[in-house]
Amino acid sequence: MLWRLPRTRGTVFELSMASVPSFEIINNPYYTAKTRGTDRQVVFDQSPPITGYSYAEVVQRLESDYPGKTAVFAKDNPASLSGNMDYLPVGYTHTFLIRDPKQSIYSYYKNVYCTTKYSSLGEHGKHKYCTNSIKMEHLWDLYCYVTNTLQQEAIVIDSDDLVTSPREIIQKYCRKTGLPFHESMLNWKAGNTNHWCPAQLQYPDVSYYQQAIDSTTFLPPEKLPGATSFLDEAIDLPGDFLEIIESNQKFHDMLCTKKL
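Residues numbered from 1 in each chain as written. Predicted model: local features only at pLDDT ≥ 70, side-chain atom pairs only at ≥ 80, totals over all residues. Heavy atoms only, no water.

Here the focus is the overall build of the protein chain. A count of helical and extended segments in the protein chain gives ten helices and five strands. Residue burial in the protein chain is summarised as follows: out of 260 residues, 50% are buried. Taking contacts inside the protein chain between residues at least 6 apart in sequence as the whole, the part at least 24 apart equals 78%. Working note: accessible area of the protein chain is about 12,100 Å², and carbon and sulfur atoms make up 50% of it. (Helix = DSSP H or I, 4+ residues; strand = E, 2+ residues; numbered from the N terminus. Buried < 20%, exposed > 50% of the residue type's maximum accessible area, 1.4 Å probe, protein only. Contact = heavy atoms within 4.5 Å. Areas by Shrake-Rupley, 256 points an atom, 1.4 Å probe, with all protein chains shown as cover.)

If you want it as structure tokens, here you go:
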């Protein structure tokens, strides 16, 4: 299972794994439970809750057998667990994807708060939810739980390493997790989101994921279409986002010492 925060290239990683037909891919099940399911804790719109995505049903989905599949790969944000480690599925290897907090949070703010489509995020606790979802303490707390309580090795990947040396990092990841390596993990077909449930294809704005959905390989930032450094753009982050970057940096630096 891959745990990551927003804008850390987690969706691209997921689509790399989804290139293997024998893998069962489960996209953001806890996030869907928290925001769309019958146990939802934040309401982004007026659509009714979707069935099959209570927290209990998510655990059941993750622990189910999938005949004909050789592995199950799932991706999510640890903030969606809401601190309840009892929701963790049994039998998974837990892996963690990290990115420089300055880059990820500037990217998040630009893609979420700097668009009119998200103009209502200040309402009904949505802003509080969004800022909580980018706090790296959730990733660190889960890492500590996995290593100290579950007594498992936790595998950490730096997403900058992933996009600059994809073959090396993906092969290391496969060796550590026991997944078979496939060349398609390095070059896949664009738009491979058939494993997303209909509600996930209607996230507040699926264009948030569009660059990842259109991807066919791992590309370093300078090779992405229209690439610029977020730090070079005229974006003034509010104070609470600057505080999150500062807080996240210490957790990022600690996890960096554990990376592949």
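Additional details are given in the paragraphs that follow.
What follows is about the layout of surface pockets. The computed volume of the second largest pocket comes to approximately 330 Å³. Forming the boundary of the second largest pocket are 18 residues, of which Ala71, Val72, Phe73, Gly91 and Tyr92 lie nearest the centre. Of all elements in the fold, only α3 (55-63), β3 (71-76) and α8 (166-177) reach the threshold of two or more residues within the lining of the second largest pocket. Among the elements that line the lining of the second largest pocket, the one with the most residues is β3, at three residues. In terms of residue class, the lining of the second largest pocket is built from nine nonpolar, six polar and three charged. (1 Å grid on protein atoms, 1.4 Å probe; cavity = no way out; pocket = protein on both sides within 12 Å on 5 of 7 lines; lining within 4 Å. Points joined across faces, edges and corners; volume = space filled by probe spheres on them. Nonpolar A, V, L, I, M, F, W, Y, C, P; charged D, E, K, R; others polar.)

Moving on to the pairing of strand β2 (residues 23-27). Summarising burial for β2: four of the five residues are buried, a large majority. In this structure, β2 lies alongside β3, joined through five bridges in parallel fashion. Directly across from phenylalanine 23, in β3, lies its bridge partner alanine 71. (Pairing = 2+ DSSP bridges.)

Turning to empty space enclosed by the protein, a few remarks are in order. Under the criterion given, the structure shown has one cavity of 30 Å³ or more. Quantified by volume, the largest cavity comes out at close to 80 Å³. Among the secondary structure elements, those contributing two or more residues to the lining of the largest cavity are β4 (95-98) and α4 (101-113). The dominant element in the lining of the largest cavity, judged by the number of residues it contributes, is α4, at three residues. The class makeup of the residues in the lining of the largest cavity is nine nonpolar, three polar and one charged.

Right, let's get into the pattern of salt bridges. Inspection of every chain in the model, using the stated rule, returns eight salt bridges. Where aspartate 100 meets lysine 102, a salt bridge forms, and the shortest distance between an N and an O atom there is 3.4 Å. Among the salt bridges present, the one from glutamate 168 reaches lysine 172, with a minimum N-O distance of 3.2 Å. Of this pair, glutamate 168 and lysine 172 both sit in helix α8, four residues apart, roughly one helical turn. Taking relative accessible area as the criterion, glutamate 168 reaches 41% and is therefore assigned partly exposed. (Salt bridge = Lys/Arg side-chain N within 4 Å of Asp/Glu carboxyl O.)

Position of aspartate 160 relative to the elements: it lies in helix α7 (residues 159-164). On the accessibility criterion, aspartate 160 (30% relative accessible area) is partly exposed. C-alpha of aspartate 160 to C-alpha of aspartate 100: the two residues are 60 residues apart in sequence and 8.3 Å apart in space. Within the local environment of aspartate 160, its side chain forms a polar contact with the side chain of arginine 9, the two groups lying 2.9 Å apart. (Polar contact = N/O pair within 3.5 Å; in protein donor to acceptor, adjacent residues only side chain to side chain.)

Taken in spatial order, the five strands line up as β2-β3-β1-β4-β5 in an open sheet, and their pairing is parallel. Of all the strands in the sheet, just β2 and β5 (155-158) have a single pairing partner and so form its edges. Sheet twist, expressed as the mean angle between neighbouring strand axes with direction ignored, is 20°. (Axes fitted to C-alpha atoms, helices over the stretch in contact; angles between N-to-C directions.)

Before going further, it helps to examine the packing of aromatic side chains. Tallied over the full model, the rule gives ten aromatic pairs. Grouped by ring-pair contacts, the aromatic residues Trp3, Tyr30, Tyr55 and Tyr87 constitute a single cluster. A cation over an aromatic ring shows up here: arginine 61 above the ring of tyrosine 53, its NZ or CZ 4.3 Å from the ring centre. (Phe/Tyr/Trp six-rings, centres within 6.5 Å; stacked < 30°, edge-to-face > 60°. Lys NZ or Arg CZ within 6 Å of the ring centre and 35° of its normal.)

One non-glycine residue, serine 82, lies in positive phi territory at about 55°. Residue position: serine 82 is located in the loop between β3 and β4. For serine 82, a relative accessible area of 37% gives the class partly exposed. A positive phi angle, close to 55°, is found at glutamine 151, a residue other than glycine. Along the chain, the position of glutamine 151 falls in the loop between α6 (137-149) and β5. For glutamine 151, a relative accessible area of 63% translates into the label exposed.

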